[in-house]
Amino acid sequence: MEDYRFKVNLGGMIEILSDHLYSSPDVYIRELLQNAVDAITGRRKLQGEDGTDGSVILEIEEGKELVFSDNGQGLTEEEIHQFLAIIGESSKRNLEDGRIRTDYIGRFGIGLLSCFMVSDEIRMLTRSCKGTEAPVLEWRGKPDGTYTIRKIENCDGKEQSLYESLSSSCGTRVMLRAKYGMERYFTRDTIERLITYYGLLLPFPIVIRQYDQEKQMNPTYLPWDGRDTNKQELLLFGQVMFEEQFFDCVPFRSEEGDVSGVAYIRNFPILPSAKVSHRIYLKNMLLTEKGDNLIPDWAVFTKCIVNAEDLRPTASREGFYVDEVLDAARGTIEDSLISYISRLAEEEPDRFRQFFQIHQLTLMSLALATPKLFGTLADYFRFETTRGSRTGYELRTGGEPFIYAPTEEKYKQLSQLFFARDKQLINVSYVHSLDLLKRLGAMYGIEVSPVEDWAVEDLMKDLSPEDQDEGFEFLKTANRILKTYDCKAELKYFSPYQLPTFYLMDENMILKRQIASVRAKSDSLFHNMLDAFASDLSNEVAATLYFNYNNPLVRKLVACESQQDIRIFVEILYVQALQIGGFVLHNNEMGMLNRNIMTLMERGISDV
């Protein structure tokens, strides 16, 4: 049986690269840089660390041509056939086992193809450093899959210097001419931007040469690595990189994956759902701005500069493979941030409070996800209560159980009664508040429970027998009036005496009101569906309007003999109680209020 080899359509492959693998033609500069880095690494392996220092030179003919030169190991003719003509083959593979060596960036043998996105031809001059008599070779590749190779004995004109530098040393020169519509990728401004973006941290000079002038684009060192660096220098570096001033910075290093870098703490609040841009490098080459799987999800209050030496890049080299090494590196970054927060709280309390005030919402998620930090952070979280805004520390040392209102509506309803009786009620309708309160109670053995409707009546007193007799007829009339609104009436003593009524409904009734409100605003198409929801709810009266017998107006109303006057004032007090409780009025309730106000106004005018 005969074996056959797969064949690759190069034109189709380039379409895959440009439309699906690479995010934009920008990456052609990144791929050239990565090839140069690996070529320089290869030469050092062959010649030792004392060999020629690596360098890259970019010569620009504005908007037309780019010559990209490195003094790496170069290629032999055999290597050109093997590594440039076979898709997926790479010079970075170990020839014995076929595995990619981790000291190289490139892994898949497709990087140079990205140049076809901006040029109709790739021309390369190269000379290998393997042997003193290696010739200068010219390789020309076209997007139709054809290529040529020839030995160069000499060059004339502007290419003579390229030939001469290769004939006396080794390295590679890639020459590209802009294809139609891609001229902007060959301008000085674009190339400088891309070199700065992708290669700022590369440890050898990157020089742009144009009009007989040279400019080095990078500092050739990592500011946090290999020497003592003070915090101010790191903060200044972060400010330059991100064009942003930071609150603080946290250096970190992971032996797993040989990952190092700095997390910069931002100086303003960031939403927990925010997408943050980082600078993630692989062997000093920018890989991605996304911190997925490497930067902890909760650390949205940071911008990180990370350099990894031994993490595995994906085929697009715009991310890392998720494996045990990546998980370990992520854990180190997470532990470094947690240690920073703990140390700041213990050693610099004033600065910690400033940090906490900026990033409170994000730190809530961190506290709930990280038990060892909860005790430190929870004392600083603030809760809305009927005693004012209180910290977790003030709550847990206050000597009271944690009674909470589960919704904003419930809190609005009950807060006046609790406040008047000097009882504490906690509003947990905000993000994470209930989870934090429960965790705080569990940690310190404090009872945590929702407020129950029956508990509200503990804040009220029943009427005396004499007052019950006085109010009997009024209650009959009030119940008849309020039945229309699925509400019943009761007479109680409660504080403050200035509050004439208090409206209380259970969750079932709140839902019924919400459904009715939505139905009034919705298209008739949804009426049947909303009616079906409402029909599933209990028809029992689940709302109560408490009349405060301590209030002078209520006492006068109880003594009133005019049924018409009682109706007017009961309905007005009912609507007022709804508004105080923060409930949206239905159309019939608003109409009833307007009607009663007009009646009172007409009476007033007629009495003038």
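## Overview of the overall build of the chain
Counting its regular elements, the chain contains 20 helices and 21 strands. The buried share among the 608 residues of the chain stands at 48%. In the chain, the share of contacts with a sequence separation of at least 24, taken over all contacts with a separation of at least 6, comes to 68%.

## Some words on the pairing of strand E5 (residues 147–152)
The pairing of strand E4 (residues 136–141) with E5 spans 6 bridges and is classified as antiparallel. Looking at the pairing, Gly 141 lines up with Tyr 147 of E5. Between E4 and E5, which follow one another and run antiparallel, lie 5 residues, and Gly 145 among them has a positive phi close to 95°.

## Description of the packing of aromatic side chains
All told, the structure shown has 20 aromatic pairs when counted by the stated rule. Measuring from centroid to centroid gives 4.9 Å for Tyr 197 and Tyr 198, while their planes differ by 75°, and the two rings are edge-to-face. For Tyr 197, a relative accessible area of 25% translates into the label partly exposed. Residue Tyr 198 is classed as buried on the basis of its relative accessible area, which comes to 7%. Residues Tyr 485 and Tyr 574 carry aromatic rings whose centres are separated by 5.0 Å and whose planes lie at 25° to one another, so their mutual orientation is stacked. Here Tyr 485 is found in the loop between helix H15 (465–482) and strand E19 (488–492), whereas its partner Tyr 574 is found in helix H19 (residues 563–580), with 89 residues between them in sequence. Taking the relative accessible area as the measure of exposure, Tyr 485 reaches 10% and is therefore buried. Each member of the aromatic cluster is reached from another via a ring pair, and the members are Phe 247, Trp 298, Phe 301, Tyr 340, Phe 352, Phe 355, Phe 356, Tyr 380 and Phe 381. Directly above the aromatic system of Tyr 321 lies the positively charged group of Arg 312, at a separation of 4.2 Å from the ring centroid.

## Considerations on the sheet that holds strand E1 (residues 56–61)
Ordered by their spatial adjacency, 8 strands build an open sheet running E5-E4-E3-E6-E2-E1-E7-E8, and the pairing between neighbours is mixed. The open sheet has two free edges, formed respectively by E5 and strand E8 (213–216), since each of these has just one partner strand. Put simply, the sheet's adjacent strands are angled 20° from each other on average, direction ignored. Pairing geometry for strand E3 (residues 119–127) and strand E6 (residues 171–178), over 7 bridges, is antiparallel. Across the sheet, residue Arg 127 finds its bridge partner in E6, namely Gly 171. Helix H2 (residues 27–47) contacts E1, strand E2 (65–70), E6 and strand E7 (206–210) of the sheet and is inclined by roughly 20° relative to E2.

## Things to note about unusual backbone geometry
Cis peptide bonds are those with omega within 30 degrees of zero, and the linkage from Ser 495 to Pro 496 qualifies with -5°. Note that Pro 496 resides in the loop between E19 and strand E20 (501–505). Not every positive phi belongs to a glycine, and Glu 243 is a case in point at roughly 55°. Along the chain, Glu 243 falls in the loop between helix H6 (231–242) and strand E9 (246–254). Positioned with a positive phi, Lys 283 is a non-glycine residue whose angle comes to about 50°.

## Concerning the confidence of the model for the chain
Confidence in the prediction of the chain, expressed as mean pLDDT, is 82, and 80% of residues score 70 or more. Mean pLDDT across the secondary structure elements of the chain bottoms out at helix H17 (residues 527–535), with 53, and peaks at strand E17 (residues 426–427), with 95.

## A word on the nonpolar core
Among the nonpolar cores identified, the biggest contains 57 residues, and Tyr 28, Leu 32, Leu 33, Leu 58, Leu 66, Tyr 264 and Ile 305 are the most heavily contacted of them. Examining the composition of this core, we find that 8 residues originate from one element, H2, more than from any other. The residues contacting Leu 66, other than those within four sequence positions of it, are Tyr 28, Ile 29, Leu 32, Leu 58, Glu 59, Ile 60, Val 174, Met 175, Leu 176, Phe 186 and Ile 191. One finds Phe 247, Leu 311, Phe 356 and Phe 381 within the second-largest nonpolar core, a separate group that totals 52 residues.

## Some remarks on the packing of helix H10 (residues 371–378) against helix H13 (residues 433–444)
The angle between the axes and the distance between the axes are what describe a pair of packed helices. Here H10 crosses H13 at 95°, and the two axes come no closer than 11 Å. Here H10 lies roughly perpendicular to H13, going by the angle between them. Residues Phe 374, Gly 375 and Ala 378 of H10 form the contact with H13, whose participating residues are Leu 436, Arg 439, Leu 440 and Met 443.

## A closer look at helix H7 (residues 324–347)
Taking 1.5 Å as the rise per residue, H7 with 24 residues should run 34 Å; its terminal C-alpha atoms sit 34 Å apart, in good agreement. When H7 is considered as a whole, its buried residues turn out to be Leu 326, Ala 329, Ile 333, Glu 334, Ser 336, Leu 337, Ile 338, Tyr 340, Ile 341, Ser 342, Leu 344 and Ala 345. Considering only its buried residues, H7 is in contact with E9, strand E10 (259–266), strand E13 (302–308), helix H8 (349–358), helix H9 (360–369) and H10. For H7, the N-terminal cap is Asp 323; the gap from its side-chain oxygen to the backbone nitrogen of Val 325 is 3.2 Å.

## Things to note about the pattern of salt bridges
Throughout the structure, instances matching the rule amount to 29 salt bridges. Put simply, Lys 130 and Glu 79 hold a salt bridge, and the shortest N to O gap is 2.5 Å. Residue Lys 130 is located in the loop between E3 and E4, and its partner Glu 79 is located in helix H3 (residues 77–83); the two are separated by 51 residues in the primary sequence. Close ionic contact of Glu 192 with Arg 188 constitutes a salt bridge, the shortest N to O distance being 2.6 Å. With a gap of 4 residues between them, Glu 192 and Arg 188 both fall in helix H5 (residues 188–199), about one helical turn apart. Judged by relative accessible area, which is 18%, Arg 188 ranks as buried. Because the salt bridges share partners, they merge into one network encompassing Glu 121, Arg 123, Glu 138, Arg 140, Lys 142 and Arg 150.

## With respect to the environment of Glu 470
With respect to the secondary-structure elements, Glu 470 resides in helix H15. Along the primary structure Glu 470 and Arg 555 are separated by 85 residues, whereas in three dimensions their C-alpha atoms are 9.5 Å apart. Excluding anything up to four places from it in sequence, Glu 470 contacts Tyr 549 and Val 558.

## A few points about the side chain of Asp 467
Assignment of secondary structure puts Asp 467 in helix H15. Buried charged residue Asp 467 carries no salt bridge. Nearest counter-charge: Arg 555, at 4.3 Å. Beyond its immediate stretch of four places on either side in the chain, Asp 467 contacts Tyr 493, Tyr 549 and Arg 555.

## Details of the sheet that holds strand E15 (residues 388–391)
With mixed pairing, the 5 strands of this open sheet are ordered in space as E15-E14-E17-E16-E18. The sheet is open, and its two edges are formed by E15 and strand E18 (448–450), each paired on a single side. Sitting on the sheet, H13 is in contact with strand E14 (382–385), strand E16 (402–405), E17 and E18, with an inclination near 170° to E16.

## Considering H5
Relative to the 16 Å expected for 12 residues at 1.5 Å per residue, H5 spans 16 Å between its end C-alpha atoms, a close match to the ideal helical length. The set of residues buried in H5 consists of Arg 188, Thr 190, Ile 191, Glu 192, Leu 194, Ile 195, Tyr 198 and Gly 199.

Cut-off values and rules
- Residues numbered from 1 in each chain as written.
- Predicted model: local features only at pLDDT ≥ 70, side-chain atom pairs only at ≥ 80, totals over all residues.
- Heavy atoms only, no water.
- Helix = DSSP H or I, 4+ residues; strand = E, 2+ residues; numbered from the N terminus.
- Buried < 20%, exposed > 50% of the residue type's maximum accessible area, 1.4 Å probe, protein only.
- Contact = heavy atoms within 4.5 Å.
- Pairing = 2+ DSSP bridges.
- Phe/Tyr/Trp six-rings, centres within 6.5 Å; stacked < 30°, edge-to-face > 60°.
- Lys NZ or Arg CZ within 6 Å of the ring centre and 35° of its normal.
- Axes fitted to C-alpha atoms, helices over the stretch in contact; angles between N-to-C directions.
- pLDDT = per-residue confidence, 0-100.
- Core = buried A, V, L, I, M, F, W, Y, C linked by side-chain atoms within 4.5 Å.
- Parallel < 35°, antiparallel > 145°, perpendicular 65-115°, else oblique.
- Expected span 1.5 Å × (residues − 1).
- Polar contact = N/O pair within 3.5 Å; in protein donor to acceptor, adjacent residues only side chain to side chain.
- Salt bridge = Lys/Arg side-chain N within 4 Å of Asp/Glu carboxyl O.
- Lys, Arg positive; Asp, Glu negative; His and termini not counted.

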